[in-house]
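Fold and contact review
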Amino acid sequence: MLCRFVDENLIGSPDLHLMAPDGLKYPQPSIMYGRTDIVSVTPWLAPVVWEGTFNPVILDSIYQKKNISIAATVFAVGKYIMFLKNFLETAEQHFFVGFRVNVYVFTDRPKEVPEVKMAAGRELIVRSVPSSKRWQEISARRMELIQTLIEETLLNNVDYIFCLDVDSKFHSRWGTESLGGLVAVIHPGYYQDNRDKFPYERRPSSRAYLAPGEGDFYYCGGAFGGLLMEVHQLAKTCHKNFEDDAKENIEAAWQEESHLNRYMWTNKPSKVLSPEYLWQDFKPRNPEIHTVRFSGVIKNYAEVRPH
Ligand code: UD2
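Residues numbered from 1 in each chain as written. Predicted model: local features only at pLDDT ≥ 70, side-chain atom pairs only at ≥ 80, totals over all residues. Heavy atoms only, no water.

A few words on the packing of helix α4 (residues 228-247) against helix α5 (residues 255-266). Between α4 and α5, the shortest axis-to-axis distance is 9 Å and the interhelical angle comes to 120°. As far as their axial angle goes, α5 and α4 are oblique. Seen from above, α4 lies across α5 with right-handed handedness. Between α4, through Glu-230, Gln-233, Leu-234, Thr-237, Cys-238, Asn-241, Phe-242 and Asp-245, and α5, the contact on the second element is made entirely by Gln-255, His-259, Leu-260 and Tyr-263. Its residues placed into classes, the contact of α4 with α5 shows five nonpolar, five polar and two charged. (Axes fitted to C-alpha atoms, helices over the stretch in contact; angles between N-to-C directions. Helix = DSSP H or I, 4+ residues; strand = E, 2+ residues; numbered from the N terminus. Parallel < 35°, antiparallel > 145°, perpendicular 65-115°, else oblique. Left-handed = near helix turned anticlockwise from the far one by under 90°. Contact = heavy atoms within 4.5 Å. Nonpolar A, V, L, I, M, F, W, Y, C, P; charged D, E, K, R; others polar.)

Most of strand β7 (residues 182-186) is tucked away, with five of its five residues classed as buried. Of the two faces of β7, the one holding Leu-182, Ala-184 and Ile-186 and the one holding Val-183 and Val-185 are both buried throughout. For β7 and strand β8 (residues 219-227), the ladder comprises four bridges, and the chain directions are antiparallel. Within the sheet, the bridge partner assigned to Leu-182 lies in β8 and is Gly-226. Here β7 runs beside strand β9 (residues 271-273); their pairing, made up of three bridges, is parallel. Along β9, the bridge assignment pairs Val-183 with Lys-271. (Buried < 20%, exposed > 50% of the residue type's maximum accessible area, 1.4 Å probe, protein only. Pairing = 2+ DSSP bridges.)

Along the chain, the position of Ile-62 falls in helix α1 (residues 56-66). Linking Ile-62 and Pro-21, residues 41 residues apart in sequence, is a C-alpha distance of 7.0 Å. In this structure, Ile-62 is in contact with Leu-18, Met-19 and Ala-20, ignoring residues within four places of it in sequence.

Residues Ile-31, Met-32 and Tyr-33 make up a contiguous nonpolar surface patch of roughly 500 Å² in combined accessible area. Its place among the elements puts Met-32 in the segment before β1 (48-49). For Met-32, a relative accessible area of 66% puts it in the exposed group. (Patch = residues over 30% accessible without salt bridge, like charges linked within 9 Å, V, L, I, M, F, W, Y side chains within 5 Å. Areas by Shrake-Rupley, 256 points an atom, 1.4 Å probe, with all protein chains shown as cover. Salt bridge = Lys/Arg side-chain N within 4 Å of Asp/Glu carboxyl O.)

Dropping the structure here:
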């Protein structure tokens, strides 16, 4: 059998060569029967992950053999620190359980970071950042800080990274099924809409501009990830485009989310996560959403954002 002779060292990316352990038993897969109420592949043949399209047992056993490690970033600046405890506690229950995970918290209030018991192999790392008077700036600076974190700390230590909004919590499994080169999450607010309604940046003078008739999906800025080098390229590009726009006094409609959508138009995600991976608590659950894995909590913007 060829797979016996594959040298692990020759396989650079943990995303290549999916090797299952011997003796694993699971229900027979089918290419004839499955979910019919959703689309589970993009036109460029990237999987779209929905409940019922994957088997977590197979996936976990493949990635456990690779001993992968995952970083997660979360920003809790100003009053958003109030969301951190719930985020961290639910991440311990649902986010890559059984895998090596380092959660990087960026905050201007390091003393207020809650004590959360982390399982073995999982660690919480706090990074201080300055506070900001404009919420747009906090949101926008995330790309820069993610880029720097990858360059200065994560390179050669971590395989995958996910960048997540703090005003959110996990409800059920978010695991190895979400791994891929470049991973985008479909925004829960627009997936049934025509692309003309997507809130892309529409001014041609911005580097985040998408013309009418362009754009595949509307992806959210609140969750994205993938292999370290893919996310580095995304963060570096979005940060530079944001800065270059700023020099010309233009700020994209939805800051880094607009730049991310522009980036993903050209650089197609190799895995797309359905809105199960970022729902919104204020939205009633649609029938195609069989499970909510991660969702934005209800918040009073006037109360939590800096004025
Ligand atoms: C949307 C996006 C968000 C971002 C924003 C526009 C989703 C579900 N949400 O969310 O990712 O693209 O629009 O820029 O895709 N933060 C702080 N302190 C603050 C303000 C923000 O720490 O005072 C951080 C925090 O991690 C928060 C994130 O920035 O989760 C996004 O800000 P938001 O939640 O206020 O933005 P929102 O809900 O409009």
